[in-house]
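The residues making up each chain are set out below.
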Amino acid sequence: QQSIEQQLEQLRQQLRHYEYQYHVLDKPTIPDAEYDRLMNQLKTLEQQYPELISADSPTQRVGAKPLASFAQVRHEIPMLSLDNAFSDQEFYAFVKRIQERLGYGNDDLTFCCEPKLDGLAVSILYENGILSQGATRGDGSTGEDITLNIRTIRNIPLQLLTDNPPARLEVRGEVFMSQAGFEQLNERALARGEKTFANPRNAAAGSLRQLDPKITRQRPLVFNAYGIGIAEGVVLPDTHFARLQWLKQIGIPINQEIELCRGTEQVLEFYRQMGQKRDGLGYDIDGTVLKINEIALQQQLGFVSKAPRWAIAYKFPAQEQLTI
Ligand SMILES: NC(=O)n1nc(-c2ccco2)nc1N
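All values reported here derive from a predicted model rather than from experimental measurement.

Chemist: Even after reading the chapter, I still don't get the packing of helix H3 (residues 88-102) against helix H9 (residues 264-277), so can you show me in this structure?
Modeler: When two helices pack together, their arrangement is given by the angle between the helix axes and the distance between those axes. It is the contact of H3 with H9, at a shortest axis distance of 11 Å, that shows an interaxial angle of 140 degrees. By crossing handedness, the relation of H3 to H9 is classed as right-handed. Counting all contacts with H3, which are made through Asp 88, Phe 91, Tyr 92 and Val 95, the residues of H9 involved are Thr 264, Glu 265, Val 267, Leu 268 and Arg 272. Residue composition of the contact of H3 with H9, by class: five nonpolar, one polar and three charged.

Chemist: I would appreciate a short explanation of the sheet that holds strand E2 (residues 83-85) in the present structure.
Modeler: With respect to topology, five strands assemble into an open sheet ordered E2-E13-E10-E3-E9, the strand pairing being mixed. Looking at strand neighbours, the two that pair on one side only are E2 and strand E9 (259-262), the edges of this open sheet. Neighbouring strand axes in the sheet, compared pairwise and without regard to direction, differ in orientation by 35 degrees on average. Sheet topology places E2 next to strand E13 (residues 311-315); three bridges connect them, and they run parallel. Bridge assignment links Asp 83 to a residue of E13, and that residue is Ile 312. Relative to the sheet, H3 contacts E2, strand E3 (110-117), strand E10 (285-292) and E13, its axis offset from that of E13 by approximately 175 degrees.

Chemist: Is there a simple way to explain the confidence of the model for the protein chain in this structure?
Modeler: Should pLDDT be low for a region, the predicted coordinates there are not to be read in detail. Mean pLDDT over the protein chain works out to 95, with 98% of the residues at or above the 70 mark. Reported for the predicted complex are a pTM of 0.92 and an ipTM of 0.98.

Chemist: Help me out: how do you make sense of helix H6 (residues 200-208) in this one?
Modeler: Given 3.6 residues per helical turn, the α-helix brings residues three or four places apart onto the same face. For H6, the complete set of buried residues consists of Pro 200, Ala 203, Ala 204, Ala 205, Ser 207 and Leu 208. The inward-facing, buried residues of H6 contact strand E4 (120-127), helix H4 (147-150), strand E7 (168-177), helix H5 (179-191), helix H7 (213-216) and strand E8 (221-232). Its side-chain oxygen at 3.1 Å from the backbone nitrogen of Arg 201, Asn 199 defines the N-terminal cap of H6.

Chemist: Would you explain the packing of aromatic side chains in this entry?
Modeler: How two aromatic rings sit relative to each other is set out by the distance from centre to centre and by the angle between their planes. This structure, assessed with the given rule, holds seven aromatic pairs. For the ring pair Phe 176 and Tyr 283, a centre distance of 5.3 Å and an interplane angle of 50 degrees mean the geometry is tilted. Pair noted here: Phe 176 is in strand E7 and Tyr 283 is in the loop between H9 and E10, with a separation of 107 residues, a long-range link. Look at Tyr 283 and you get buried, because its relative accessible area is 12%.

About the cut-offs
Counting of residues starts from 1 at the beginning of each chain's written sequence and follows it residue by residue. In keeping with the model being predicted, local features are shown solely for residues with a pLDDT of at least 70 and side-chain atom pairs are shown and tallied solely at 80 or more, while totals for entire chains, interfaces and linings include all residues. Excluded from the side-chain calculation are hydrogens and water; included are all heavy atoms of the structure. Between the N-to-C directions of two axes lies an angle of 0 to 180 degrees, each axis being a line fitted to C-alpha atoms and, for a helix, fitted only over the stretch in contact. Strands here are runs of E lasting at least two residues and helices are runs of H or I lasting at least four, both read from the DSSP assignment and numbered beginning at the N terminus. Should the near helix be turned anticlockwise from the far one by less than a right angle, the crossing is termed left-handed; should it be turned clockwise, right-handed. In this description, contact between two residues means that some pair of their heavy atoms is separated by no more than 4.5 Å. Each residue is assigned to one class: nonpolar for Ala, Val, Leu, Ile, Met, Phe, Trp, Tyr, Cys and Pro, charged for Asp, Glu, Lys and Arg, and polar for all the others, Gly among them. Strands are treated as partners if at least two bridges between them are detected by DSSP. Confidence per residue, as judged by the predictor, is encoded in pLDDT with a range of 0 to 100. Only protein chains enter the accessibility calculation, which uses a 1.4 Å probe; a residue whose area is less than 20% of its type maximum is buried, one above 50% is exposed, and one in between is partly exposed. Any pair of N or O atoms that falls within 3.5 Å is considered a polar contact. Within protein, one atom must be able to donate a hydrogen and the other to accept it, and sequence-neighbouring residues count only if both atoms are side-chain atoms. Stacked, tilted and edge-to-face are the three classes applied to pairs of Phe, Tyr and Trp rings, where Trp contributes its six-membered ring and a pair requires centres within 6.5 Å; stacked means planes under 30 degrees apart, edge-to-face means over 60, and tilted covers the rest.

Here's what the structure looks like:
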């Protein structure tokens, strides 16, 4: 006969595994009804033994009561904005500057190519594998503490799926809303005579800035990681692409369109393909983000003023926004 603690721990591990399969691998292994049954079983057991509830239990996603305001968070490593390119010529010039700076001649550079998600940049801190803080980008140096709201986003794990978690790991990425989720939210708001949002990005921002996590919890928010800030007690892979794969393995969702491209022409091919895919993705993107893949080269290139020299956002032409 298992002890209560063992029963609780087994249910928590099972639920974390199923959440990972569903939200990160996009390969659910049990029907939703089975997941709900296990979650309700855990909630019931925790209600019987409240002293055994742990903050990283899958049941602990909703904060207690609304905050009066958000505390401020100082980013130990600044969260930077990106320089933009609006044409192939500007991208070629970007590559040329890098080749000159690195003394690469015309050798091919490898880029990690990502869709540019049109949401809100956030920073999520895990301490010993447990989610301990969530913050907005703010002005890049100081953001708002939105930990309680971040915890309500279903595809953000409350605990990393690894037996030896880093002492501290800061995951950076975008919180966004799918177009379908956005439309459902606006329909519900209209039906309730509440204000509607102009676009999914505003809806995501408004949902994250909610002081009441019970409201945030009802919003269809999604997180995709695209980088790492603080990393202590772990040796990270030496390329950006490999780091993203590592994040995925420990339970952090990344975007499934990310590709490695070798040489400028492959990068431009990725940009054009993403332009074709754009309307069918189900979420808004406003371009691509093209990053030098080797971390050593990123460090060699560094940053100029507020933006990295090693990355550029190649944007799409502005899309006429449908007026609602
Ligand atoms: N918005 C977005 O999708 N981003 N933003 C970055 C970024 C910002 C600074 C460094 O990298 N990367 C991706 N995919």
